[in-house]
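Chain residues, written in single-letter form:
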Amino acid sequence: MPEKVIIFDTTLRDGEQSPGASMNEAEKLRIAMQLEKLGVDVIEAGFPAASQGELEAVRLVASKISNAQVCALARASKDDIDKAWAAVKDAVNPRIHTFIATSDIHMQYKLKMSKEEVIKTAVEAVKYARQFTDNVEFSSEDGTRSDRDFLCKVFEAVIDAGATTINLPDTVGYILPDEYYELIKYVREHTPNIHKVVLSVHCHNDLGLATANTLAGLRAGARQAEVTINGIGERAGNTSLEEVVMCIYTHKDRLGLFTGINTKYIYPTSRLVSMITGIVVQPNKAIVGANAFAHEAGIHQDGVLKHKLTYEIIEPETIGLDRSKLVLGKHSGRHAFKKKLEEMGYELTDEELNRVFEKFKELADKRKELQDEDIEALVAEEVLRVPDIYQLEYLNVVSGTGTVPTATVKLKVKDKVLQGAGFGVGPIDATYNVIASLTGTKSKLLRFSVNSITGGMDAQGEVTVRLQEDGIVALGKGADPDIIVASAKAYINGLNRLEYMKTNLPKKEQTP
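What comes next is a walk through the structure. (Residues numbered from 1 in each chain as written. Predicted model: local features only at pLDDT ≥ 70, side-chain atom pairs only at ≥ 80, totals over all residues. Heavy atoms only, no water.)

This part is about the overall build of the protein. Looking only at helices and strands, one finds 17 helices and 16 strands in the protein. A globule of 512 residues ought to have a C-alpha radius of gyration of about 24 Å, and the protein, at 24 Å, matches this closely. Projected onto its principal axes, the C-alpha positions of the protein cover 75 × 60 × 45 Å. Across the 512 residues of the protein, 55% fall into the buried class. Surface summary for the protein: the accessible area is close to 22400 Å², and the carbon and sulfur share equals 50%. (Helix = DSSP H or I, 4+ residues; strand = E, 2+ residues; numbered from the N terminus. Rg over C-alpha atoms; globule rule 2.2 N^0.38 Å. Buried < 20%, exposed > 50% of the residue type's maximum accessible area, 1.4 Å probe, protein only. Areas by Shrake-Rupley, 256 points an atom, 1.4 Å probe, with all protein chains shown as cover.)

With that settled, the discussion passes to the state of the cysteines. Scanning the entire structure with this criterion turns up zero disulfides. The cysteine Cys203 is free of any disulfide, with Cys247 supplying the nearest cysteine sulfur at 13 Å. (Disulfide = S-S within 2.5 Å.)

Another aspect to go through is the sheet that holds strand S13 (residues 416–423). Pairing between sheet strands relies on hydrogen bonds along the backbone, with the strands arranged either parallel or antiparallel. If you walk across this open sheet you meet the three strands as S11-S12-S13, and the pairing is antiparallel. Of all the strands in the sheet, just strand S11 (390–398) and S13 have a single pairing partner and so form its edges. When strand polarity is set aside, the average angle formed by the axes of neighbouring strands in this sheet is 15°. Pairing of strand S12 (residues 406–413) with S13, which is carried by eight bridges, proceeds in the antiparallel orientation. Looking at the pairing, Thr406 lines up with Phe423 of S13. Here helix H16 (residues 427–439) sits on the sheet in contact with S11, S12 and S13, set at roughly 35° to S12. (Pairing = 2+ DSSP bridges. Axes fitted to C-alpha atoms, helices over the stretch in contact; angles between N-to-C directions. Contact = heavy atoms within 4.5 Å.)

For the rest of this paragraph, the subject is the side chain of Asp374. Positionally, Asp374 belongs in helix H15 (residues 372–382). Dropping the residues within four chain positions of it, Asp374 is found in contact with Leu363, Arg367, Glu369, Ile453, Thr454 and Gln460.

Attention shifts here to a negative patch on the surface. A contiguous patch of negative charge on the surface is contributed by Asp178, Glu179, Glu182 and Glu189. Here Glu182 lies in helix H7 (residues 177–190). Here Glu182 falls in the partly exposed class, since its relative accessible area comes to 39%. (Patch = residues over 30% accessible without salt bridge, like charges linked within 9 Å, V, L, I, M, F, W, Y side chains within 5 Å. Salt bridge = Lys/Arg side-chain N within 4 Å of Asp/Glu carboxyl O. Lys, Arg positive; Asp, Glu negative; His and termini not counted. Charge placed at Lys NZ, Arg CZ, Asp CG, Glu CD.)

The next subject is the pattern of salt bridges. It is possible for side chains of opposite charge to pair when their charged atoms get near one another. Per the counting criterion, the structure on display carries 25 salt bridges. In this structure, Lys285 and Glu242 form a salt bridge, with 2.8 Å as the shortest nitrogen-oxygen distance. Of this pair, Lys285 sits in the loop between helix H11 (266–277) and helix H12 (298–306) while Glu242 is found in helix H9 (residues 241–250), placing the two residues 43 residues apart along the sequence. The same class applies to Lys285 and to Glu242, which are both buried. Glu376 serves as the salt-bridge partner of Arg271, at 3.0 Å between the closest nitrogen and oxygen.

Here we take up the pairing of strand S7 (residues 165–170). S7 sits mainly inside the fold: six of its six residues count as buried. Along S7, one buried face is formed by Thr165, Asn167 and Pro169 and the opposite face, lined by Ile166, Leu168 and Asp170, is buried too. As defined by bridge partners, strand S6 (residues 136–141) adjoins S7 across three bridges and the pair is classed as parallel. Paired with Glu137 across the two strands is Thr165, which belongs to S7. Read as a crossover between parallel neighbours, the route from S6 over helix H6 (residues 148–161) to S7 is right-handed. In the sheet, S7 pairs with strand S8 (residues 198–203) via six bridges, with the strands oriented parallel. Considered in S8, the bridge of Asp170 is made with Cys203. At this point the chain moves from S7, through H7, to the parallel S8, and the crossover so formed is right-handed. (Right-handed = clockwise from strand over helix to strand, strands pointing away.)

Attention shifts here to the packing of helix H1 (residues 25–38) against H11. Helix packing geometry: the angle between the two helix axes and the distance between the axes. At a minimum axis separation of 10 Å, H1 and H11 run at an interaxial angle of 170°. In terms of orientation, H1 lies roughly antiparallel with respect to H11. Counting all contacts with H1, which are made through Glu27, Arg30, Ile31, Gln34, Leu35 and Leu38, the residues of H11 involved are Ile266, Pro268, Thr269, Leu272, Val273 and Ile276. Broken down by class, the residue content of the contact of H1 with H11 amounts to eight nonpolar, two polar and two charged. (Parallel < 35°, antiparallel > 145°, perpendicular 65-115°, else oblique. Nonpolar A, V, L, I, M, F, W, Y, C, P; charged D, E, K, R; others polar.)

A separate point is the environment of Arg59. Here Arg59 lies in helix H2 (residues 52–64). Owing to a relative accessible area of 28%, Arg59 belongs among the partly exposed residues under this scheme. A sequence separation of 13 residues divides Arg59 from Gly46, and the C-alpha atoms of the two residues are 9.5 Å apart.

Turning our attention to the layout of surface pockets. Empty space within the largest pocket amounts to approximately 910 Å³. Broken down by secondary-structure element, the contributors of at least two residues to the lining of the largest pocket are H11, helix H14 (350–364), H15, S11, strand S16 (472–480) and helix H17 (483–504). Per-element accounting of the lining of the largest pocket gives the leading share, seven residues, to H17. (1 Å grid on protein atoms, 1.4 Å probe; cavity = no way out; pocket = protein on both sides within 12 Å on 5 of 7 lines; lining within 4 Å. Points joined across faces, edges and corners; volume = space filled by probe spheres on them.)

The next subject is helix H13 (residues 334–343). Along H13, the positions that sit buried rather than exposed are Phe337, Lys340 and Leu341. Buried residues in H13, looked at end-on, bunch into an arc of 100°, giving them a common side. Considering only its buried residues, H13 is in contact with H14 and H15. (Arc of directions from axis to C-beta.)

On strand S9 (residues 224–227), burial covers both faces: Gln224 and Glu226 on one face and Ala225 and Val227 on the other are all buried. In the sheet, S8 pairs with S9 via three bridges, with the strands oriented parallel. Bridge pairing links His202 to Glu226 in S9. In this fold, S8 hands off to helix H8 (residues 210–219), which returns the chain to S9; that crossover is right-handed.

Take the packing of H14 against H15 next. For the pair H14 and H15, the least separation of the axes is 10 Å and the interaxial angle reads 135°. By the angle class used here, H14 and H15 are oblique. Crossing angle aside, the handedness with which H14 passes H15 is right-handed. Every residue of H15 that contacts H14 at Arg355, Val356, Lys359, Phe360 and Leu363 is listed here: Asp374, Leu378, Val379 and Glu382. Tallied by class, residues from the contact of H14 with H15 come to five nonpolar, no polar and four charged. (Left-handed = near helix turned anticlockwise from the far one by under 90°.)

Rendered as structure tokens:
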């Protein structure tokens, strides 16, 4: 009989460790609700000990999720575990995930602890967590670079202490698939009580092997996969949920495995995470990239036209990529707009709906047809954005051949209205110079990119910026048919996020 693989999604925790990808409470909750609709079994909502803001965000997610387990990460300390439990105790099915490093290099240089001290600390942490819940996961940080026999001793001890899930992470993305297979197999064969728990795998993509390693671990007997949407995460990222799930789906007979994922929500979830974090999905990304189902070569096109399976091993509709989308226009009414939002997974309050609908009508006057991506951008700007300290009131730009690019900007800063004008080497540079002068920001622009949200000459431009100030990195996004306005919106959004992160930024720690 096929065996189920538990899908443990850590987009809201490990995924958020991507530089500049910090989310506010509303954004975390929106992604969590979508993950539950997707069918993930466990949502790791955050690291509550990082900050009070992080604790409150995890608590909000825990209070709203009705089916999936909600998990909080904690180091092997009572204070961390107390905060983790405070954050998830109201969840329908809460989980505490505690960890400690087990590799020689981490024990010697980071922890400065002996092997005996590490085992003692791990056991005490698990026992303490069990006082709150019987759903306790233990991770051996840097497990793939740890001594095998020591790993087995640690796992045996924490299982006896009450752990119900054991995670063996490839924290630095170092191991090869065949080595990971052998390691998982060795642990299963040399840990006497391993049959009492679910064995989990958690891989990083530093060498581009995260998905391959995860599948190797599952073939060796692990039955939980820790993943993120779009593979976002620390450094080169984590294992992609969509890749693991669709590999299992495509090779279910050979692997003898299945998941509880509703695959038709994979693409919408990918779009949502990209929209909220500002991390663009590369066009050639497996499963959810823009080119994943595009065929340009003549031989391929001919084959697909004759029979799709000649060059498509997955039907686009399987992951929710509907080629026949319903489009809305200027004559669409509030009821149709609300229904469209609900179909896309957005449940807005009346006040939020009114705000988004007003912007929708403004945009519909400029564009003949609006597609899902246009509506997503409106929701992002009007509902999911961080609280505004800076708001764009007015923008006028003069530019062209034979004239010096000039921008006039009016900003609302809290309760004050500020206005200024300035020059630049181009219209966007002039706009940014004035905004920087009015806000007094010392931030540095690390990246600027512009993309078309949809096709067509009248498509909205979507601008993404990455700003850095005092070691904090924030992503800003803005969308508008006018790319100069979109650029101004993105810059101001980035500045607002910087201000938000200065008071709410979780401390970034290396975790499993």
